[in-house]
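Residue-level structure breakdown
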Amino acid sequence: MKSWGKWSKMILIFGLVFGLLISLNKGAFAKDVIKFGCAMSFTGKKSRTGKLYIDSLKLAAEAINKSGGIKVGNKSYNIEIKFYDDKSDPAESAKLIEKLVTEDKVNFLLGPYSSGITIPDSIVAQRYKIPMVEGGGASGKIFSRHNPYIFGTLPAAGQYFRTTLEMLLGFKPKPKTIALIYGDDKFDISVAKGAKKIAEKLGLKVVLYEKISEGSADFNTILTKVKAKAPDALLMAGHTEGGINLVQQAKELNVNVKMISLTVGPSEADFRKSLGKDAEYIFGVASWSPQMNFKGIIFKNTKEFVKIFKERYKYDPDYHNASAVAELAVFKSAIERAGTLDPQKVRDAIAKTKIETIYGPVEFNPNGQIKGSSVVLQIQGGQVYQVYPKGTKKPIYPMPKWKDR
Amino acid sequence: MAQRGATTKKLILGILIIAGIAIPFFSGNFIIRFFTNTLMFAVLASAWNIIGGYTGYASFGNVVFLGIGAYVSAVLMEKGGVPFWLAFPASGFGAAIFAVLIGLPVLRLKGHYFAIATLGVAEAMKALVDNLEITEGNSGIYLPMMNLSVKAQYIFFYFMMMGVLTLTLVVTYIMLKKKLGYGLIAIREDEEAANSLGVNATLFKVTSFALSGFFSGLAGSLYAFQQGFIKPESVFDVGVTVKMIVMAVFGGIGSLLGPLLGALSIEVISEILTNYFLVAHTLFFGAIVILAIVFTPKGIMDIISGRKKFGINYLLQNIRDHRV
Amino acid sequence: MLLQIIVNGILKGGLYALMALGMSLIWGVMDIINIAHGAFIMLGAYCTYWLFNLWGVDPFISLFLSIIFMFIIGYGIQRYLINLVIRATIFITLILAFGIEIFINNLALVMWTADVRKVQVPYGASNFSIGCVTIPYVRLGAFFIALVIALVFYFVLNKTRTGRSIRATAQDLDAARLVGVDVAKTYALTFGMGVGAAGAAGTLWAVLFPINPMMGGILTLKSFVVVIIGGLGTMFGPIIGGLTLGVAEALGSNWFGTTYENFISFTILVLVLIFLPKGILGKSE
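Criteria and cut-off values
- Residues numbered from 1 in each chain as written.
- Chains lettered and ligands numbered in written order.
- Predicted model: local features only at pLDDT ≥ 70, side-chain atom pairs only at ≥ 80, totals over all residues.
- Helix = DSSP H or I, 4+ residues; strand = E, 2+ residues; numbered from the N terminus.
- Rg over C-alpha atoms; globule rule 2.2 N^0.38 Å.
- Buried ≥ 20, exposed ≤ 12 C-beta atoms within 10 Å, placed from the backbone.
- Contact = placed C-beta atoms within 7 Å.
- Nonpolar A, V, L, I, M, F, W, Y, C, P; charged D, E, K, R; others polar.
- Pairing = 2+ DSSP bridges.
- Axes fitted to C-alpha atoms, helices over the stretch in contact; angles between N-to-C directions.
- Core = buried A, V, L, I, M, F, W, Y, C linked by C-beta atoms within 7 Å.
- Domains from an automatic or database assignment.
- Right-handed = clockwise from strand over helix to strand, strands pointing away.

Each helix and strand counted, chain C has 11 helices and two strands in total. Counted from the first residue to the last, chain C has its helices and strands arranged as α-α-α-α-β-β-α-α-α-α-α-α-α. For chain C, the C-alpha radius of gyration of 19 Å lies close to 19 Å, the compact-globule estimate for 285 residues. In terms of principal-axis extent, the alpha carbons of chain C reach across some 60 × 50 × 35 Å. Out of the 285 residues in chain C, the part that is buried amounts to 61%. Considering only contacts within chain C whose residues lie at least 6 apart along the sequence, 78% involve residues at least 24 apart.

Okay, structure coming up:
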């Protein structure tokens, strides 16, 4: 009979575990709130940028609640965001979206960071017909399936370098050749393909067009090639760490070009802190910069947002942060216009969005991606300035050789 | 004593089967998806157990079969318009064929060398898929969507995954009763002796590797179809290999149900931690792995088999056995 | 241009060698595949980062501090943790190392967040040229430090009493015990030395590349490749392995494109295992 004790213990343990699992998933939400769900990378490879979105979303949600919440009909609702950690893993993220929808019963979904994770999440959103607004994935692949429930606030990748290339034509002496290197993820590939087309149309010669691995830390080989081809401008579509490595190693190998322009990186505080003086003169592209000035619907205007943000988090916001604020602004406006929390009606209202936010005007293409263009930034004296079109400072070109600094 | 162990095993099996069939009808979609995921890891850990546990070849690259299975399905369905019921077995056979091709040279290596070689194969495959046109490289590939209600889809995936697990366990069980099973265990204990006794070691090892690949490939196919979109970095992730080995060890290497129990308990523990700790969950998970390995290196099966009394002495005995 | 690419590869190979040195020692002596190796490199990198940022300690001085600090951590981990299970099957130590890895990585993540950081030394990217080849000082320094540490290891293992007991333990545990070697302590010393070398690699890494808590994984993999190519059981194996890998990657990515870098290194790994299972310098049995 002693063995019975063991059996009952076993059953007890199993029962406990299952009970715990099921009980865990009953989220405790107060009444009269609109619930948003968000699976973001708190840990793992994407957690650095993930944090930017988390900080911004929290701040924007507080601001909405402080200013009276969201009006549905003539009733005001506060909002609440339920966060989970997706561990930077797409399977985990999709599972959590599932959990947010079926267990936490959230009303609406906010997107994760990076295109690779956004796609599986958007598939879940589509299955449940709940709109998701995301500010962390710009790859055309997210929108290529015409999933009606996904909306993105980052502009299409193919046009990213357009403004930079247009700016190049105005420089003296006029640049003739460019080198284009790009990471092998979908977003960077689209940026590079688009840039190549635009450059050739503008009469610039692309002397080097080469792919690099997303996670690679070593740019020695490619920089040696750049040095051999000696282009006027070096453009790279990649991520922050890649940007830091590229600039540092260009200096190490004494590769002198007249300009270096990156997509992600220069706008971020980490980039400037990591490179210090070597970050000077580097150009960047962004859908937004803190020097812009737009009226907003959550914050009064861009200036006020930047001020409040810096007081709270002690770092400069960049376009990731602003794009996250835009996610909530889109929802606020769409819910108020729809006058209901019905996901289908709110979706239709989102599709018709035409508003001003601190991130700039927001209007969506039929595929769900924002209509918008990018601005050119340059680091001058340790600060990022918008330099084109009509920036606060003039672009500096060519950049001095490494030896002359 | 052994009698009691056997009864306990049967009881656990019974509980698992009943719970397994009942779960999808009594719970929400998230729970179903959670258990589908857990079942997938149970398949991977059990498949790993065939080559790692019974044959004694510590494969460190078994995730490659998951990846190949997932990509065979993705490419066939998306590019070739092949229906799922054809792509699904093709994924299993694709992974098995790959296992044979790779196994022939690599299975000649022993111990750590085999482990690292398989790791190398998995990483090389990831890098290759990253660069191929047909797999759409590092940017990932979509799969067609299913035309069913959400609940029906998830129940379908749940039972498919359960079917794969059952198949894996049943085939392993039958294998153990046949010459193949005895041969594999003989190879694990002493390969040269096995060879001299007339066991065709190469054939046996490759068969075992291919079986391991076949089941993992099937799991990969289901994973890809349910996920709807896959990228090389997630289906060829070394972390998945490590996770399946941890599960197998946690449950008990070289036992039929050990890997299943390991997968179940590890997934449940990690889910609970994730729920309570937004950032620190993996930290605690690491601590649990360390404690479990130090105190119960023989896994759950050893505890519940009832061969030894469980208690503080059991835990300390394990340390006494293995320390220097 | 080809010459420059080969020089790049050699310099990178020096860093690879240093990374793999500690792993090779631990593997060779105790038969532990230390999955946590990359995590120790990461800790070494952060050690240097904080010393530099808080007190302005130059990385080439904090190199010694980070070696000592990491030695103590390694010694403690082996003495009070890994020694408890060392005689179990290889899976056990492997998974213990895995547990240690995720513990350390996530502790770092919780304490220091995932921000990308970099040690900004004033001479960070300065260089000199010989003909058409440009050589960065820091990389050259890293290369020589790797050689020096390999020599120190060689000296310690071959010329000191401790070294003799380490080698004796590696060859025959029971015999070593019989002649009065304190095995537990010897193991702890070995692990400490290996982790200390990882700390040195971390310091140099922090000077050359940005760092973050998750950087260790790929470094562990690269170290595997180097150890295997070079062959276990000799102190110069990692150096030959590191240089081979560095040059092969540089040339390969020049000819096939940079995205093939990892494909090349892991294919080399598998081929070496199949055709030269003992590595280039490995002793035959």
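Read on, since the account is not over.
Turning next to the interface of chain B and chain C. Taken together, the 38 residues of chain B in the interface contact 37 residues of chain C. At 13 residues, helix H5 (residues 111–131) of chain B tops the list of elements feeding residues into the side of chain B that touches chain C. Partitioning the side of chain B that touches chain C into residue classes produces 29 nonpolar, six polar and three charged.

Residue and element names in this part refer to chain A. The six strands lie next to each other as S2-S3-S1-S4-S5-S6, forming an open sheet whose pairing is mixed. A single partner strand is all that each edge strand has here, and the edge strands are strand S2 (70–72) and strand S6 (150–152). Ignoring which end each strand starts from, the neighbouring axes of this sheet average 30° apart. Each of strand S1 (33–40), strand S3 (75–85) and strand S4 (108–110) touches helix H3 (residues 90–102); the most contacted strand, S1, lies at about 165° to it. Each of S1, S2, S4, strand S5 (132–134) and S6 touches helix H12 (residues 319–338); the most contacted strand, S2, lies at about 25° to it.

This next bit is on the nonpolar core. Judged by nonpolar contacts, the single largest core of 342 residues is most densely connected at Val325 of chain A, Val43 and Met161 of chain B together with Leu18 of chain C. Here the element with the most residues in this core is helix H2 (residues 29–54) of chain B; it accounts for 17 residues. Of the residues that make up this core, three or more belong to each of domain 1 (33–154 + 293–363) and domain 2 (158–286 + 375–404) of chain A. With sequence-adjacent residues up to four places away left out, Leu18 of chain C is seen in contact with Ile145, Ala146, Ile149, Ala197, Ala200, Ala201 and Leu204 of chain C.

This part covers the interface of chain A and chain C. The figure often quoted for interface size is the accessible area lost as the parts come together. Each partner contributes residues to the interface: chain A has 33 residues there, and chain C has 32 residues. Those elements giving two or more residues to the side of chain A that touches chain C turn out to be helix H2 (47–66), strand S8 (205–212), helix H8 (220–229), helix H9 (240–252) and helix H10 (269–275) of chain A. At seven residues, H9 of chain A tops the list of elements feeding residues into the side of chain A that touches chain C. For the side of chain A that touches chain C, the class distribution of residues is six nonpolar, 15 polar and 12 charged.

Attention shifts here to the domain arrangement of chain A. All names here are of chain A. On domain assignment, one finds that chain A holds domain 1 (33–154 + 293–363) and domain 2 (158–286 + 375–404). For domain 1 and domain 2, the distance between their C-alpha centroids amounts to 30 Å. Each partner contributes to the interface: domain 1 provides nine residues, whereas domain 2 provides eight residues. Tallied by class, the residues present in the side of domain 1 that touches domain 2 amount to three nonpolar, three polar and three charged.

All names here are of chain A. Within the secondary structure, Thr177 is located in strand S7 (residues 177–183). A sequence separation of 74 residues divides Thr177 from Lys251, and the C-alpha atoms of the two residues are 20 Å apart. If we skip the residues at most four places from it in the chain, Thr177 touches Lys205, Val207, Pro231 and Asp232.

Attention shifts here to the pairing of S7 of chain A. All names here are of chain A. Of all seven residues that make up S7, six are buried, and the element is covered over most of its length. In this sheet, S8 lies alongside S7 in parallel orientation, the contact comprising seven bridges. Note on S8: the bridge partner recorded for Gly183 is Ile212. Of the crossover connections in this fold, the one passing from S7 over helix H7 (residues 186–201) to the parallel S8 is right-handed. Where S7 lies against strand S9 (residues 233–237), five bridges are found, and the strand directions are parallel. Across the sheet, residue Ala179 finds its bridge partner in S9, namely Leu234.

Two faces make up the sheet, and in a regular strand the side chains alternate between them. One ladder, built from four bridges, connects strand S1 (residues 127–130) of chain C with strand S2 (residues 133–136) of chain C; its direction is antiparallel. In the strand pairing of S2 of chain C, Phe128 of chain C is matched with Ile135 of chain C.

Attention shifts here to the sheet that holds S7 of chain A. Residue and element names in this part refer to chain A. Judged by pairing direction, the sheet is mixed, and its seven strands sit side by side in the order S8-S7-S9-S10-S11-S14-S15 without closing on themselves. Each edge of the open sheet is held by one strand with a lone partner, namely S8 and strand S15 (383–388). Mean inter-strand twist for the sheet, computed between neighbouring axes without regard to direction, equals 25°. When S9 meets strand S10 (residues 259–262), the two strands line up parallel, connected through four bridges.

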